[in-house]
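The chain contents come next:
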Amino acid sequence: MSSPTTTASSSQPVGSPVLSEIMGGLRSSGGLRSSGGCHPGANSALLRSRERSRSKDTDMMLAARRARATVQANKLRESTAGGLGASLAVEEIIPPTAAAETIKPGTPEAVVVTSPEGVTEQAAFDLASLVSSSPQQLEIYEQYVQRPPAESMQSITKVFRIGNGPSSSHTMGPKRAAERFASMWPLGKEGCTHYRVTLYGSLADTGKGHLTDKVILSALGEDHTQVIFCTGDVPAKLDIHVNPLTFEALKANEEVVGEYTAWSIGGGCVIDEHNIDKDATTYNKYPFSQMTQFIQYAEKTGKHLWQIVHDVEPEIFEKVPDDKLTDLTDSRGWLWKVWTTMKKCVQRGLTTTEVEIPGPLHLKRKAQSLKGKKGRSELFMYTLSVSEENASAGEVVTAPTCGSCGVVPGMLYYLQQHEHLSDEDVLKALATAGLVGSVVRANASVSGAEVGCQGEVGVATSMAAAAATFIFGGTPLQCELAAEMAMEGLLGLTCCPVLGLVQVPCIDRNVAGVGRALDCSELALTRSEPNLISFDEICFTMLVTGHDMKREYKETSLGGEAYTWNLDERILAATKH
């Protein structure tokens, strides 16, 4: 364990069991899902059954997913009243073609599933075998099965935040926290003459490159604010998330008269002791937080995912006058504001006269070099345009973060041109993408400092894949398939920005992500059956994988490409001496 310091770079690791060990134990004991649809590779009999009758097993998989969602729906019935939530009672969530028998209160570990053919199987969540294997495996298993069903599902406006780059967690979040502190402790209050701000964890490691100190100084005043970068392990009292920052209001004699602590947890979201992002209008917005539940409701009602969003948040679809598009205090017309900002960002990147992106890397802009090219080069051009604007601290939309903000607008701008979409059509695709991002935020993380780039570009790729699938006429299930496959191929993606800048490899990763999103969308449209791994499961896998990563690979610039990017130059320089 290293001690906190203001000179050595470090961040607080987040510990968890090794993923391979966890998954191996879960497979040997029956898996995370019921035997009707859980990781068939763990059950040779089930695998043979799949080979004999793919259709029958697919029905059982769907029934098992529905039964698992029923457990969550039971928890919701008494806590949800009125509106959409009232219609999502446990009797309503299970379509009549695949009914599940009543689950006895207090025994969510045993579910009896009845398939359409009348074949009953015991879908057993075998806790006893897990206990005998490893207490750690039981803990991770229970974390998955007993996830909060509703209280984590916020408005999709929390996925799409409008602000300046280059980082949502290191720029947008700290700026919001600083503005909050300034409103609490203005100069002169109780003799306050100046401020001291201390950054910890990843904020301290890469805050310089991410302009964290700059946005704090702009919010509090450069003449009377000191910013301290305290690298090393995050103090235990602050170890809620790897991105804490503390604010102090001081008198002239250095006496502290006011204090405030916040955590920037990714995507521009900030929490504190009052949880400033948890308010009645945006926090408990949706009665579900798992994709399985949304897919089931869509099957039951015949609605698409965007229509569910519209039912819950109709105001974000409202068209507002042009003079209201810049009003970020009102959620009305939010999707119009988001799409307008995204389009302007694409256009700025394609018309700027800047040749280089600001910073010591002197990185050349590349988006304009693709003008006139066709096919995927055009898709890449739009994505590059947004990502380069973000790296230059331009105004962008988190989707779900600044570091990954090029993927979704690049995809939607490209498809609007080639599929001749109206802005209203794009808004529906945005809502679909936003729902995917919200599910991840509720159940995993979009913080590069917590789970690496799989939580940023990985999630953005899932969002774009689902949006494209909707545009191409896909069903809600196919949207889920595309999102799952997109994330599946990016598990373990590290976050190692060179020199702490959101430039290399971040920009090119956005381009790679948008290409993969289109691939996954095309593949999903050829399928009508669930993947063996659900989107909920891949989100959980991403979270555990991120927690297993060494801290060097999670937005600290202490490993990966951030460490090896100039090895050739260093070797060449050494040979000349």
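Residues numbered from 1 in each chain as written. Predicted model: local features only at pLDDT ≥ 70, side-chain atom pairs only at ≥ 80, totals over all residues. Heavy atoms only, no water.

A.B. asks: Could you clarify how one ought to interpret the overall build of the protein chain in this entry?
C.D. replies: Broken down by element type, the protein chain carries 23 helices and nine strands. Within the protein chain, buried positions represent 59% of all 577 residues. Of the contacts made within the protein chain by residues no fewer than 6 positions apart, 75% connect residues no fewer than 24 positions apart. (Helix = DSSP H or I, 4+ residues; strand = E, 2+ residues; numbered from the N terminus. Buried < 20%, exposed > 50% of the residue type's maximum accessible area, 1.4 Å probe, protein only. Contact = heavy atoms within 4.5 Å.)

A.B. asks: Sorry, what's going on with the sheet that holds strand E4 (residues 194–200) here?
C.D. replies: One open sheet holds the five strands; their spatial order is E5-E4-E6-E7-E8, and the pairing between them is mixed. Edge positions in the sheet fall to strand E5 (225–230) and strand E8 (269–272), since each of these pairs with one other strand and no more. Going across the sheet, the axis of each strand differs from the next one's by a mean of 25 degrees, ignoring polarity. (Pairing = 2+ DSSP bridges. Axes fitted to C-alpha atoms, helices over the stretch in contact; angles between N-to-C directions.)

A.B. asks: I would appreciate a short explanation of the side chain of serine 155 in the present structure.
C.D. replies: Inspection of the secondary structure puts serine 155 in the loop between helix H7 (135–145) and strand E3 (162–164). There is a polar contact of 2.8 Å between the side chain of serine 155 and the side chain of threonine 157. Reaching out from serine 155, the side chain makes a polar contact with the side chain of glutamate 313 at a distance of 2.4 Å. (Polar contact = N/O pair within 3.5 Å; in protein donor to acceptor, adjacent residues only side chain to side chain.)

A.B. asks: It is not clear to me how the packing of aromatic side chains should be interpreted in this structure. Could you clarify?
C.D. replies: For any pair of aromatic rings, the description rests on two quantities: the centre-to-centre distance and the angle between the ring planes. Within the structure shown, the criterion is met by eight aromatic pairs. Seen in terms of ring centroids, phenylalanine 181 and tyrosine 260 are 6.4 Å apart; in terms of plane orientation they differ by 15 degrees. Their pairing is stacked. Placement of the pair is phenylalanine 181 in helix H8 (residues 168–184) and tyrosine 260 in strand E7 (residues 256–266), with a sequence separation of 79 residues. Accessibility classification places phenylalanine 181 together with tyrosine 260 in one group, the buried group. Ring centres of phenylalanine 247 and tyrosine 260 lie 5.8 Å apart, and the angle between their planes is 35 degrees; this geometry places the pair in the tilted category. Here tyrosine 260 lies in strand E7 and phenylalanine 247 lies in strand E6 (residues 244–250), a separation of 13 residues in the sequence. (Phe/Tyr/Trp six-rings, centres within 6.5 Å; stacked < 30°, edge-to-face > 60°.)

A.B. asks: What should I look at first to understand helix H10 (residues 212–220) in this one?
C.D. replies: Residues spaced three or four apart along an α-helix face the same direction, because each turn holds 3.6 residues. Taken together, the buried positions of H10 are Thr212, Asp213, Val215, Ile216, Leu217 and Leu220. Two residues or fewer after H10 comes glycine 221, characterised by a positive phi angle close to 105 degrees.

A.B. asks: Mind showing me how you'd approach the side chain of serine 445 here?
C.D. replies: Its place among the elements puts serine 445 in the loop between helix H16 (423–443) and helix H17 (448–451). Among the polar contacts made by the side chain of serine 445, one reaches the main-chain amide nitrogen of serine 447 at a distance of 3.0 Å. Polar side-chain contacts of serine 445 include one of 2.9 Å to the side chain of glutamate 450. Other than its neighbours up to four places away in sequence, serine 445 contacts Val440, Glu450, Val451, Gly455, Val459, Met542 and Leu543.

A.B. asks: Got a minute to help me understand the environment of methionine 485 in this structure?
C.D. replies: For methionine 485, the location among the structural elements is in helix H19 (residues 476–488). Among the residues examined, methionine 485 registers a relative accessible area of 6% and is labelled buried. For the pair methionine 485 and isoleucine 538, spaced 53 residues apart in sequence, the C-alpha to C-alpha distance is 8.8 Å.

A.B. asks: Please clarify how the packing of helix H14 (residues 376–391) against helix H20 (residues 506–524) should be interpreted in this entry.
C.D. replies: What describes two packed helices is the angle between their axes and the distance between those same axes. Two elements in contact, H14 and H20, have axes separated by 9 Å at closest approach and are oriented at 140 degrees. Regarding the angle of H14 to H20, the classification is oblique. For the crossing formed where H14 meets H20, the hand is right-handed. Facing H14, whose interface residues are Arg376, Leu379, Phe380, Thr383, Leu384, Ser387, Glu388 and Ala391, H20 presents Ile507, Asp508, Asn510, Val511, Val514, Gly515, Leu518, Asp519 and Glu522. When the residues that make up the contact of H14 with H20 are grouped by side-chain class, the tally is eight nonpolar, four polar and five charged. (Parallel < 35°, antiparallel > 145°, perpendicular 65-115°, else oblique. Left-handed = near helix turned anticlockwise from the far one by under 90°. Nonpolar A, V, L, I, M, F, W, Y, C, P; charged D, E, K, R; others polar.)

A.B. asks: Sorry if this is basic, but what is going on with the environment of glutamate 450 here?
C.D. replies: Tracing the chain through its elements places glutamate 450 in helix H17. Residues glutamate 450 and histidine 547 lie 97 residues apart in sequence; the distance between their C-alpha atoms is 6.8 Å. Excluding anything up to four places from it in sequence, glutamate 450 contacts His241, Val242, Ser445, Leu543, Gly546, His547 and Lys554. Within polar-contact distance, the side chain of glutamate 450 engages the side chain of histidine 547 at 3.0 Å.

A.B. asks: Explain the pattern of salt bridges to me, please; I cannot follow it from the model alone.
C.D. replies: Between side chains of opposite charge, a pair can form when the charged atoms approach closely. For the structure on display, the rule yields 14 salt bridges. Note that glutamate 354 is salt-bridged to arginine 365, the shortest N-O span being 3.4 Å. With glutamate 354 in the loop between helix H13 (334–351) and H14 and arginine 365 in the loop between H13 and H14, this residue pair connects regions lying eleven residues apart in the sequence. Since its relative accessible area comes to 40%, glutamate 354 is described here as partly exposed. A residue is classified by how much of its surface remains accessible, and arginine 365, at 13% relative accessible area, is buried. (Salt bridge = Lys/Arg side-chain N within 4 Å of Asp/Glu carboxyl O.)

A.B. asks: Can you walk me through the confidence of the model for the protein chain in this structure?
C.D. replies: The predicted coordinates ought not to be read in detail in places where the model reports low pLDDT. Per-chain confidence: the protein chain averages 80 in pLDDT, with 72% of residues scoring 70 or above. Note that pLDDT drops below 50 for residues 6–62; the model gives that stretch 130 contacts with residues more than four away or on any other chain. Throughout residues 64–132 the model reports pLDDT below 50, and contacts reaching past four residues in sequence, or to other chains, amount to 138 contacts. (pLDDT = per-residue confidence, 0-100.)

A.B. asks: I keep staring at the nonpolar core and nothing clicks. Help me out?
C.D. replies: With 98 residues, the main nonpolar core has Phe160 and Phe294 as its most contacted residues. Per-element accounting of this core gives the leading share, eleven residues, to H16. Once residues within four sequence positions are removed from consideration, phenylalanine 294 is found in contact with Met153, Tyr286, Phe288, Ser289, Leu305, Ile308, Leu435 and Val439. Formed by 23 residues, the second largest nonpolar core is a distinct cluster that contains Leu199, Val215, Ile216 and Ala249. (Core = buried A, V, L, I, M, F, W, Y, C linked by side-chain atoms within 4.5 Å.)

A.B. asks: Would you explain unusual backbone geometry in this entry?
C.D. replies: Leaving glycine aside, a negative phi is the common case for residues, and trans is the common case for peptide bonds. A cis amide bond links alanine 399 with the next residue in sequence, proline 400, at an omega value of 5 degrees. When you line up the elements, proline 400 lands in the loop between strand E9 (395–397) and helix H15 (407–419). A cis amide bond links valine 504 with the next residue in sequence, proline 505, at an omega value of 5 degrees. In this model, glutamate 254 sits at a positive phi of 75 degrees, which is unusual for a non-glycine residue. Its place among the elements puts glutamate 254 in the loop between E6 and E7. Here glutamate 254 falls in the partly exposed class, since its relative accessible area comes to 43%. A positive phi angle, close to 65 degrees, is found at alanine 393, a residue other than glycine. Structurally, alanine 393 can be placed in the loop between H14 and E9. Relative accessible area serves as the criterion here: at 28%, alanine 393 is assigned to the partly exposed category.

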